[in-house]
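Listed below are the residues making up each chain.
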Amino acid sequence: MRRRRLKIKEVAADQKMSMGKLSRSSDVSYRTIKLIYDDPFRDASLDTLDKIAVALGVDISDLIEYVDEES
């Protein structure tokens, strides 16, 4: 089975963007950013992902990867 994993933490780190700065530039609450950082398998709305992608200057698809889950 494959699961969706959010790569927001890695993409932000590549751009040297802190959680606080990402929260401010994306207009997504710091709490939501922290929850995604702490659990990259958590669900996030398309609106949230779009705001984060715009703030990071990437496409939404750059924030998502699919990983195989062990049975």
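This text follows the structure it describes.
This one's a predicted model, so the numbers in the text were calculated from it and none came from an experiment.

Undergrad: Looking at this structure, I do not really get helix α4 (residues 46–56). What am I missing?
TA: Structural remark: α-helix, 3.6 residues per turn; residues separated by three or four positions point the same way. For α4, the full list of buried residues reads T48, L49, I52, A53, A55 and L56. Projection of α4 onto a plane perpendicular to its axis shows the buried side chains occupying an angular sector of 160°, all on one side. Pointing more than 90 degrees away from the buried face of α4 are the exposed residues L46 and V54. The elements touched by buried residues of α4 are β1 (2–6), α1 (8–14), α2 (19–26), α3 (30–38) and β2 (64–68).

Undergrad: Even after reading the chapter, I still don't get the nonpolar core, so can you show me in this structure?
TA: In a soluble, globular protein the nonpolar side chains are often hidden away together inside. In terms of nonpolar packing, the biggest core is built from 17 residues, with I8, L22, I52, L56 and L63 touching the most fellow members. Put simply, the parts of the chain that give this core at least two residues each are α1, α3 and α4.

Undergrad: Mind showing me how you'd approach the side chain of R5 here?
TA: In this fold, R5 is placed in strand β1. Judged by relative accessible area, which is 16%, R5 ranks as buried. A polar side-chain atom of R5 sits 2.4 Å from a polar atom in the side chain of E10. Excluding residues that lie within four positions of it along the chain, R5 makes contacts with E10, P40, F41, L63, I64, E65 and V67.

Undergrad: Just checking my understanding: could you explain the environment of D14 for this structure?
TA: Relative to the elements of secondary structure, D14 occurs in helix α1. Among the residues examined, D14 registers a relative accessible area of 66% and is labelled exposed. As for D14 and S45, which are separated by 31 residues in sequence, their C-alpha atoms are 23 Å apart.

Undergrad: Mind showing me how you'd approach the packing of aromatic side chains here?
TA: The description of an aromatic ring pair uses the distance of the two centres, along with the angle that the planes make with each other. Summed over all chains, the structure comprises 0 aromatic pairs. Between R3 and the ring centre of F41, over which it is positioned, the NZ or CZ distance is 4.2 Å.

Undergrad: What is the right way to read the environment of S61 from this model?
TA: Tracing the chain through its elements places S61 in the loop between α4 and β2. Overall, the relative accessible area of 48% leaves S61 in the partly exposed class. Along the sequence, S61 and K21 sit 40 residues apart, while their C-alpha atoms lie 21 Å from each other.

Rules used throughout
The numbering scheme is per chain: residues are counted from 1 as the chain's sequence reads. For a predicted model such as this one, the threshold for reporting local features is a pLDDT of at least 70, and the threshold for listing and counting side-chain atom pairs is 80 or more; totals across whole chains, interfaces and linings nevertheless cover every residue. Only hydrogens and water are set aside when side-chain values are computed; all heavy atoms of the structure are taken into account. Buried residues are those whose accessible area, probed at 1.4 Å on protein chains only, stays under 20% of the maximum for their type, while exposed residues exceed 50% and partly exposed ones sit between those limits. Each helix corresponds to a stretch of at least 4 residues labelled H or I by DSSP, and each strand to a stretch of at least 2 residues labelled E; elements are numbered beginning at the N terminus. The directions from the helix axis to the C-beta atoms are what the arc is built from. Throughout, a contact is declared for two residues whenever any of their heavy atoms are within 4.5 Å. Only buried residues count toward a nonpolar core. Its members are Ala, Val, Leu, Ile, Met, Phe, Trp, Tyr and Cys residues joined through side-chain atoms within 4.5 Å. Between N or O atoms, a polar contact is any pair within 3.5 Å; within protein, one atom must be a potential hydrogen donor and the other a potential acceptor, and residues adjacent in sequence are included only when both atoms are from side chains. For Phe, Tyr and Trp, where Trp contributes only its six-membered ring, two rings pair if their centres lie within 6.5 Å, and the inter-plane angle classes them as stacked under 30 degrees, edge-to-face over 60, or tilted in between. Distance and angle both matter: a charge sits over a ring if NZ of Lys or CZ of Arg is within 6 Å of the ring centre and within 35 degrees of the ring normal.

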